[in-house]
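Chain by chain, the residues run as shown.
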Amino acid sequence: MNLRYNEIKVDGYERIVEVIHEEAGLHAIIALHNTSHGPALGGIRAYPYATFDDALNDVLRLAKGMTYKSAVAETGTGGGKSVIIWDTAKPKPKELLLAFGEAVNSLAGQYICAEDVGMPISDLAVIRKGTHYAVGLPHPNSSGDPSRFTAFGGFLGVKATAKKIWGVDSLKGLTVAVQGLGAVGMRLADQLFWDGAKLIVTDVNKEAVAKAVQMYGATAVSPDEIYGVECDLFVPCALGGILNPDTIPMLKCKGVAGLANNQLLTEADGQALMDRGILYSPDFVINSGGLFNVCVELYKEGYSPLVARDHVMRIYDLLLTIYTLSDERKQPTNIVANDLADYNLERKIGKRESEVTFHHF
Ligand code: NAD
């Protein structure tokens with residue numbers, strides 16, 4: 001295959017590679033932010049980015065977020081991510097996926113890939129043919145789709161946030177507004193429903209909205225309306241950057257606890273939420289359930305869903321600790337979470353001590 005690689009230098013990042021395979025239609029970027037605690041692990045996002053710079057900015061933010069997520073979760077992995085510039089309305093050609101697998105393989109284990117938005121695990125299984133540096137595969141020895149673990153971690157995170165704000169152990173009587181009803185949003189909505197929450201939902205996908213209305217008695221609103229609805233908790237589960245100077249003044253909730261990556265447009269938006277008396281659950285902490293899950297398959301002993309579930313349960317206490325520290329220091333929760341990650345990175349807490357093992361052969 002005729003793959004072309006262009007190295008891109010960005011301060012603060014270990015390695016960034018643009019990957020092109022013209023015949024296969026592949027145009028991708030793989031970003032390694034920090035591998036001091038272990039190999040970079042992060043999903044592959046396929047998205048119809050308008051420009052190359054949009055794709056580059058997204059992969060840089062996502063890769064750095066993975067460093068922080070891994071450091072706080074102490075998974076012995078580093079921060080990395082990849083993006084493929086692709087119109088996700090169209091199926092991806094097999095050649096494109098195989099070429100991307102070859103590109104991941106050429107990094108010789110510095111980067112371990114997984115699913116993300118626009119990259120279902122069926123596509124990941126094709127990428128796997130070109131590299132074994134992949135996790136979360138539809139294979140009996142792999143951990144499968146991480147979404148249900150991410151959603152369970154999100155459920156615990158919503159409960160921890162409700163505990164902090166109202167001192168309650170159940171969501172009964174609380175109104176929760178969910179943005180995005182995809183792989184994690186719909187699963188989380190299901191758990192919120194069974195715990196007694198009243199749901200308000202939105203998605204650009206009308207079928208997903210209709211399903212939530214039918215199954216959970218949810219109230220549907222348009223994607224633009226979700227920011228201004230009267231609710232107790234707002235749960236963003238779609239794309240990033242949605243907490244910003246335009247949307248934060250519109251919010252009528254007491255807490256934000258959702259699973260989307262990079263919800264804050266800038267770190268200053270964490271302060272803006274705090275100033276409005278809105279408790280923010282740092283995204284890379286509440287959404288670390290899927291990462292916990294895929295990392296268990298790298299153990300020498302192989303994957304165990306029981307071990308993965310028990311790791312995910314740490315999210316509840318981790319968030320309550322961050323909320324307490326935020327009160328004590330009078331600092332926004334996103335800053336406290338960043339400090340926690342830096343603390344672990346500087347002191348090598350959670351650094352990988354053993355080699356990673358792949359069992360999906
Ligand atoms: P997905 O593609 O399955 O779902 C995203 C949903 O958001 C889709 O239903 C889509 O129609 C909807 N959406 C898109 N734009 C929207 C808009 N403007 N308004 C309302 N809805 C909109 O993706 P996913 O796997 O559920 O991931 C959702 C978010 O959670 C992403 O930010 C992802 O990075 C993050 N995340 C996912 C996992 C995981 O395990 N899947 C882990 C960590 C973080």
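From a predicted model like this one, the values you see are computed outputs, not experimental measurements. (Residues numbered from 1 in each chain as written. Predicted model: local features only at pLDDT ≥ 70, side-chain atom pairs only at ≥ 80, totals over all residues. Heavy atoms only, no water.)

Engineer: Sorry, what's going on with the overall build of the protein here?
Structural biologist: Summing up its helical and strand segments, the protein has 12 helices and 12 strands in all. Since a compact globule built from 361 residues should have a radius of gyration of about 21 Å, the 20 Å found for the protein is in line with a globular shape. Across the 361 residues in the protein, those meeting the buried criterion constitute 56%. If you take every contact in the protein between residues at least 6 apart in sequence, the share linking residues at least 24 apart comes to 65%. Entry remark: accessible area of the protein is about 15,100 Å², with carbon and sulfur atoms responsible for 53%. Charge centroids of the protein, computed over 34 positive and 42 negative side chains, lie 4 Å from each other. (Helix = DSSP H or I, 4+ residues; strand = E, 2+ residues; numbered from the N terminus. Rg over C-alpha atoms; globule rule 2.2 N^0.38 Å. Buried < 20%, exposed > 50% of the residue type's maximum accessible area, 1.4 Å probe, protein only. Contact = heavy atoms within 4.5 Å. Areas by Shrake-Rupley, 256 points an atom, 1.4 Å probe, with all protein chains shown as cover. Lys, Arg positive; Asp, Glu negative; His and termini not counted. Charge placed at Lys NZ, Arg CZ, Asp CG, Glu CD.)

Engineer: What is the right way to read the domain arrangement of the protein from this model?
Structural biologist: Often, the extent of an interface is quoted as the loss of accessible area on bringing the components together. Domain boundaries in the protein define domain 1 (4–62 + 80–130) and domain 2 (147–345). For domain 1 and domain 2, the distance between their C-alpha centres works out to 26 Å. At the junction of the two partners, domain 1 supplies 13 residues and domain 2 supplies 13 residues. Where domain 1 abuts domain 2, roughly 880 Å² becomes buried across the two surfaces, and 56% of that area is made up of carbon and sulfur atoms. Of all residues in domain 1, the largest losses of buried area upon contact with domain 2 belong to His 37, Leu 41 and Arg 61, amounting jointly to 52% of the total for that side. (Domains from an automatic or database assignment. Buried area = accessible area lost by both parts, 1.4 Å probe.)

Engineer: Mind showing me how you'd approach the sheet that holds strand β7 (residues 175–179) here?
Structural biologist: Pairing between the strands of a sheet is mediated by backbone hydrogen bonds and can be parallel or antiparallel. Reading across from one edge, β9-β8-β7-β10-β11-β12 is the order of the six strands in this open sheet, with parallel pairing throughout. The open sheet is flanked by β9 (219–220) and β12 (279–280), the only strands paired with a single partner. Pairing between strand β10 (residues 233–236) and strand β11 (residues 255–256): two bridges, direction parallel. Residue pairing for β11: Phe 234 is matched across the bridge by Val 256. Its contacts with the sheet place helix α4 (residues 147–166) against β10, β11 and β12, and it is angled at close to 155° to β10. (Pairing = 2+ DSSP bridges. Axes fitted to C-alpha atoms, helices over the stretch in contact; angles between N-to-C directions.)

Engineer: Can you walk me through the site of the ligand in this structure?
Structural biologist: Arg 45, Thr 150, Asp 203, Ala 238 and Asn 261 are the nearest of the 23 residues found near the ligand. Between the ligand and Ala 183 there is a distance of 2.9 Å, counted from an oxygen atom to a backbone nitrogen or oxygen. When the residues that make up the shell around the ligand are grouped by side-chain class, the tally is 11 nonpolar, seven polar and five charged. The two domains that each donate at least three residues to the shell around the ligand are domain 1 (4–62 + 80–130) and domain 2 (147–345). (Near = heavy atom within 4 Å. Polar contact = N/O pair within 3.5 Å; in protein donor to acceptor, adjacent residues only side chain to side chain. Nonpolar A, V, L, I, M, F, W, Y, C, P; charged D, E, K, R; others polar.)

Engineer: I tried to follow the pairing of strand β3 (residues 26–34) on my own but got confused; where do I start?
Structural biologist: Of all the nine residues making up β3, eight are buried; the element is thus mostly covered by neighbouring parts of the structure. Of the pairings in the sheet, the one linking strand β2 (residues 15–21) to β3 comprises seven bridges and is antiparallel in character. Its bridge partner lying in β3, His 21 is registered against Leu 26. Counted between consecutive antiparallel strands, the loop separating β2 from β3 contains four residues, among which Gly 25 sits at a positive phi close to 80°. The pairing of β3 with strand β5 (residues 78–85) spans six bridges and is antiparallel. Paired with Ala 31 across the strands is Lys 81, a residue of β5.

Engineer: Explain the side chain of Ser 142 here, please?
Structural biologist: Take Ser 142: it is sitting in the loop between α3 (121–127) and α4. Only 3.4 Å separates the side chain of Ser 142 from the backbone nitrogen of Gly 136, close enough to count as a polar contact. Here Leu 137 takes part through its backbone nitrogen, which lies 2.8 Å from a polar atom of the side chain of Ser 142.

Engineer: Teacher, can you tell me more about the sheet that holds β3 here?
Structural biologist: Reading across from one edge, β1-β2-β3-β5-β4-β6 is the order of the six strands in this open sheet, with mixed pairing throughout. Strands with a single pairing partner mark the edges of an open sheet, and in this sheet they are β1 (4–7) and β6 (111–114). On average, each strand axis in the sheet is tilted by 25° relative to the strand beside it, whichever way the strands run. Docked against the sheet, helix α1 (residues 52–73) engages β2, β3, β4 (40–47) and β5, running at close to 155° with respect to β5.

Engineer: Even after reading the chapter, I still don't get helix α2 (residues 94–106), so can you show me in this structure?
Structural biologist: Think of an α-helix as turning once every 3.6 residues; residues three or four places apart then point the same way. Compared with the 18 Å implied by 1.5 Å per residue over 13 residues, the 19 Å span of α2 between its first and last C-alpha is a close match. In the segment just after α2, Ala 108 is the residue with positive phi, at about 55°. (Expected span 1.5 Å × (residues − 1).)

Engineer: Even after reading the chapter, I still don't get the nonpolar core, so can you show me in this structure?
Structural biologist: Generally speaking, soluble globular proteins have nonpolar side chains that are buried together. Formed by 50 residues in total, the largest nonpolar core has its most connected members in Leu 181, Leu 192 and Leu 199. Ranked by residue count, the leading element in this core is α4, at six residues. Beyond its immediate sequence surroundings of up to four residues, Leu 199 is in contact with Val 176, Val 178, Ala 189, Leu 192, Phe 193, Tyr 216, Ala 218 and Thr 219. Membership of the second largest hydrophobic core comes to 39 residues, among which are Leu 97, Phe 100, Leu 124 and Val 294. (Core = buried A, V, L, I, M, F, W, Y, C linked by side-chain atoms within 4.5 Å.)

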